[in-house]
Each structure stands twice: as C-alpha cells, then as structure tokens.
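The residues making up each chain are set out below.
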Amino acid sequence: MNDNTCRIETGDWIGSQLRGPEWTPYAQAIADSYPIQVPFFLRTTITLDQNTIPRVAVTRPYLYDALILGMSGTQEPSVLLAGMPYLQVTHLPSGVPWVSPASLAYAPLPAYTGFPGFGLTGASRLPEAFFLPRGTQLKFEWLGFALDVTPAVVINLTMIGVQLIDKPGKRQPEWITMPNGNQIRVGSRVPWFGTVPFGGRLTTRTLLTSNLRLSALTQIASYVPPQDCDVEVTDAFASFLDVPLFGFNGDTNLLQTKLDDVKTRSDWTPSRTPVPVIFGSFAGVSPQLPFPKPYLLRAKHKFVVTAQNNSPTQNVIQGTVTFRGVRRCEY
Amino acid sequence: MYYFTKYTYKILGYYRTHLLFFDTLSIGFASPAVASERPVPTLTHEVSEDVLYFGGQVSFSIADVLVRIRSISPQYEWMVDTSPTPQDTPVNAVFGVFSQALPIVPWVTPFFVKHQGRLQMQFTNSASAPTTGGLVSLVGIRLSGPLVGDGWSYDIGFNS
C-alpha cells in the first residue's frame, strides 16, 4: 500500500480557521486528565530595530501545565507598511524547534497568527496543540527578514490556550490514547513549520535588504529538507500575497507552483497551479489554507516547490512559502 | 463556531436547562480620549444562575487596547506575560469586532462562573489611537435547574 494513503491518527481531519477553536484529539486527550480548565493568554512583546535584530525573548515559567492552541498578534507599523517579521519558536527544555531548520529556519509572523491586528480573523489555530509543561519556557527568536524596521516595529504575540489545573504535586500524564487506539507520549506531537524561499538568493545578502527574488519570467525550485520524523502537513501560507510593499503587485494567478514529494514521486500537482489555490494569504479568512486532508511526509523524505513567475514585468521580492503541520517524534 | 470540549459537556450535564445569555458592559474610556488610560475595572453583571462564558466582542477595532481578565471567587488569572511590569493582552486576541469573519471570538474553552460570581476586565486604552466610551459584550449560557446538588463547581472538577 502506498504509505501516503494510510489513515492518519488524527482522523484525517484539518479544522477550519473559520469555525472556531476546535480541539485536536491530542489536545482533548491531554485535557481529559485535568479537573479544571481555564482560558490562558500568554503575551510577549518585542521591539525590532536596526540596532537590535535578531532578538530573543523567553516566556516566564508558569505555575500550571498549559495547552497552546492558537496565536494572535499585533504589529505597529502594520504588515502593509513595514512588511513582516520572521519567528522561530523553541521549547527550551526539549530543544525542539517548531520551524524546520531549512534554508530559512524562521517562519513569517502571519503563518502563526494570521493578520497581526484586527483583520478578518483575530487569531489563528496552530496545526496541533502544544503541551507546555508547568515551569518550562518557550524561546522566541525574531528576525527582521522582509521587514522595514525604520524607526522600529513593535510586535505583541499572544499565545492562546488553556490552563490545565490539578491538585498540587500531581504529575502530568505521560501517555494518552489517540482515536485510532494508539498510545502516544505527551509531547510527541509538536507544531511544525517548513519555510522555503519562493525564488532564489541574490549574490549579496544582508538582513534588511532584498535577498530573495523571483524575477519576471523565471522558474526556481526550492526544497523542504528531509525531517527526522514523520510530519503531517496540513496547510500552507504565502508571505507575498496581499503585501505590495515587499511582494507582487500583479495578477497573482501568474505566479504558479508545482509540488512533488521527491522520494515517492507522488505529485501533489500534475501541472502548475496558481499560488492562491494552494497557499493562503494573511488577509484572508483562512490565512493558512488547509489541504483537504493531511499529507503524511515520511521521515527522510523531502518535497520540492517549483516557483514560476509568468508575469512579464513583476518580480516577487522576499517571497517565502510556509507549510504547516505536525511533527511526530518520540522524545 | 463555538466548540464544546468534554469539560464543557461535563458542566452542562449538571443542569436541566441551558439558556442563552448576552451581557453588555460599558468600559468607560474618557471623552476626550486619553492615551493609555486605565479606567476602573469592568465587571460582568451578577446573575442568579451559574454561567458559562464562551466569548465576546468589543465595539472598537483598535488592537492595542489591552485587557486583563480574572475571575472573582474563585480567582483565576487568565493572562500571563513575560515582563516585570504588567503587560496586558491586546484585545484582538480575546474579543472580536463586527467587521471580522468571526465578529465574536470564541475562546479556546468556555469559562464557568458560579451564580453571583463575576468576571473582572481591566482595560487599558490605546497608547497611539485611544478611543472613547467602549462596550464589551460577552456571550454565554445560563445554567439553571441543577440536577445534582447546587450544580457544577470547581470542587467537582472534570474527572471526578
């Protein structure tokens, strides 16, 4: 049997951003162990300017276990005026990064939060809930890539979830049972982001100026590198749609793409497809556009993103695409 | 768009009747507007039944208005930050506004308040584009006709 057709333990299901905070089976199974569940908002703020980027912030250890199910952001000046910052999230004790260490080990802020501010949506769901054990910290690494930081950009990032409260001293659950009957370790499902350039690097590279470009009437391939674990890829985001400042001012249907799983040669797209068919925009109601079902990217496999610009005049500047999903590892 | 977790169903199961509930409150930002103003905390109305609050909406679309929510009796803090000085949560992470695809932001999990209990919301006006007045509306379910004792409570919990 082709292993890409097997059922995935979440039930082959991807929730919609529009339909509210649906919990994944993994999140529900963890929460079932706790008697009291209270809304949780964990805020960090960061100022990015030319003197201080990249910046690192860590959250303060918290009294209770928590599940992080979504993220919300604000940015001043806005994405339309200043572009978008990039972010890597790492759970400090485990050292597991959320963004795959590809050529860009960061993902744009709207890939996490949707529109930063009061857009069509106020928050975005993560592809999987993240279990944050009590007393542990998350590290945020910010990069002013594709961001105009003159004079400065202030970003508020709010992680939205639920506090899981139990009697003092009671240990957190170590194993949970998924809908298919499998027992998995708590912490073995982690949000995963894979960001690759939609274009090529220029020969000169600095942090603040354009170093990625897909010129008019060109085609460039980029690879999401092999992962050490299976990944359920659930949705995708493009940084350059609806952002004229750094992006593409022409007809976005002229930007086309083709996706392939290199190891199994299973084409996602038999022909080239307009970018907005596969990737969401930060200004839409589903900023991270869901696939009809998760795609199981096996460990050691990689897929290739072919970017083609059919516009005779317009370039894509600082364009990236981000695939989101769930990394399945046992630690 | 509202999502009922098992925890929610557990609470609902303690009551015979579930009634819709909308609670609109005035925030009271000064006029003319004052940047970074912190008016007196906004408290939800006291209700004679237990209530599950599911989400809410504000009457303005200024994302850098901040809010800090806690419940009173029992006291649960909803907001956490990373700074030694309080950094409240941008309001767009907690509430919706009429122009959004989801005008009411449903919370990840509803919050239970015992009868006569209240939620306290401490708002801080925007530092750059302050607004005046301001309304916040919460959406919930009133729970009446307890089937067991006085209904659900935090002493009972989910997995009792």
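Residues numbered from 1 in each chain as written. Chains lettered and ligands numbered in written order. Predicted model: local features only at pLDDT ≥ 70, side-chain atom pairs only at ≥ 80, totals over all residues.

## A word on the overall build of chain B
Looking only at helices and strands, one finds 1 helix and 9 strands in chain B. Listed by position from the N terminus, the elements making up chain B come as α-β-β-β-β-β-β-β-β-β. Taken against the 2.2 N^0.38 rule, which gives 15 Å for 160 residues, the C-alpha radius of gyration of chain B at 16 Å falls within 12% of a compact globule. Seen along its three principal axes, the alpha-carbon backbone of chain B occupies a region of about 50 × 35 × 25 Å. (Helix = DSSP H or I, 4+ residues; strand = E, 2+ residues; numbered from the N terminus. Rg over C-alpha atoms; globule rule 2.2 N^0.38 Å.)

## Section: the domain arrangement of chain A
Residues and elements named next belong to chain A. In terms of domains, chain A is made up of domain 1 (9-183) and domain 2 (191-328). Centre-to-centre, using C-alpha coordinates, domain 1 lies 22 Å away from domain 2. With 38 residues of domain 1 at the interface, the matching set in domain 2 holds 37 residues. Within the residue set of the side of domain 1 that touches domain 2, elements represented by two or more residues are helix H2 (79-82), strand S6 (107-108), helix H3 (109-113) and strand S7 (124-132). A total of 5 residues in the side of domain 1 that touches domain 2 trace back to one element, the largest contributor, which is S7. When grouped by side-chain class, the residues that make up the side of domain 1 that touches domain 2 number 24 nonpolar, 12 polar and 2 charged. (Domains from an automatic or database assignment. Contact = placed C-beta atoms within 7 Å. Nonpolar A, V, L, I, M, F, W, Y, C, P; charged D, E, K, R; others polar.)

## Considering the nonpolar core
Residue and element names in this part refer to chain A. In terms of nonpolar packing, the biggest core is built from 131 residues, with Phe41, Leu67, Ile68, Leu69 and Ala129 touching the most fellow members. Sorting elements by how many residues they give to this core places strand S9 (residues 153-165) first, with 8 residues. The residue makeup of this core includes at least three contributed by each of domain 1 (9-183) and domain 2 (191-328). (Core = buried A, V, L, I, M, F, W, Y, C linked by C-beta atoms within 7 Å. Buried ≥ 20, exposed ≤ 12 C-beta atoms within 10 Å, placed from the backbone.)

## With respect to the environment of Phe237(A)
All names here are of chain A. Within the secondary structure, Phe237 sits in strand S16 (residues 230-238). Once the C-alpha coordinates of Phe237 and Phe279 are considered, the two residues, 42 residues apart in sequence, prove to be 4.7 Å apart. With residues up to four places along the chain from it excluded, the contact list for Phe237 reads Pro110, Ala111, Phe279, Gly280, Pro287, Gln288, Val321, Thr322 and Arg324.

## Quick look at the environment of Asp64(B)
Residues and elements named next belong to chain B. With respect to the helices and strands, Asp64 occurs in the loop between strand S3 (50-58) and strand S4 (66-72). According to the C-beta neighbour criterion, Asp64 is buried, with 20 such atoms within 10 Å. Residues Asp64 and Ser128, 64 residues apart in the sequence, show an inter-C-alpha distance of 8.1 Å.

## Describing the interface of chain B and chain A
At the interface, 38 residues of chain B touch 43 residues of chain A. At the level of secondary structure, the elements contributing two or more residues to the side of chain B that touches chain A comprise helix H1 (6-12), strand S5 (79-81), strand S6 (89-90) and strand S7 (105-113) of chain B. The residue inventory of the side of chain B that touches chain A, partitioned by class, reads 22 nonpolar, 13 polar and 3 charged.

## Description of the sheet that holds strand S13 (residues 200-201) of chain A
All names here are of chain A. Read from one edge to the other, the open sheet built from 3 strands follows the order S13-S14-S22, with strand pairing classed as antiparallel. Every other strand in the sheet has two partners, leaving S13 and strand S22 (316-317) as the edge strands with one partner each. Across 2 bridges, S13 lies against strand S14 (residues 212-214) in antiparallel orientation. When the bridges of S14 are listed, Arg201 appears paired with Leu212. (Pairing = 2+ DSSP bridges.)

## A word on the environment of Val326(A)
All names here are of chain A. As for its position among the elements, Val326 is in strand S23 (residues 320-328). Remark: the alpha-carbon pair of Val326 and Asn310, spanning 16 residues in sequence, is separated by 33 Å. Sequence-distant contacts of Val326, that is, excluding residues within four places in its chain, are made with Pro127, Glu128, Arg189, Pro191, Trp192, Val231, Glu232 and Thr234.

## Looking at the confidence of the model for chain A
Across chain A, the average pLDDT comes to 86, with 90% of residues at or above 70. Long-range and interchain partners of residues 1-8 of chain A, a stretch whose pLDDT sits below 50, account for 11 contacts in this model, where long-range means more than four residues apart. (pLDDT = per-residue confidence, 0-100.)

## Topic: the sheet that holds S23(A)
All names here are of chain A. One open sheet accounts for 4 strands, arranged S12-S23-S16-S20; its pairing is antiparallel. On the outer flanks of this sheet lie strand S12 (189-197) and strand S20 (289-297), each paired with one strand and no other. Between one strand axis and the next, the sheet turns through 25° on average, direction left out of account. (Axes fitted to C-alpha atoms, helices over the stretch in contact; angles between N-to-C directions.)

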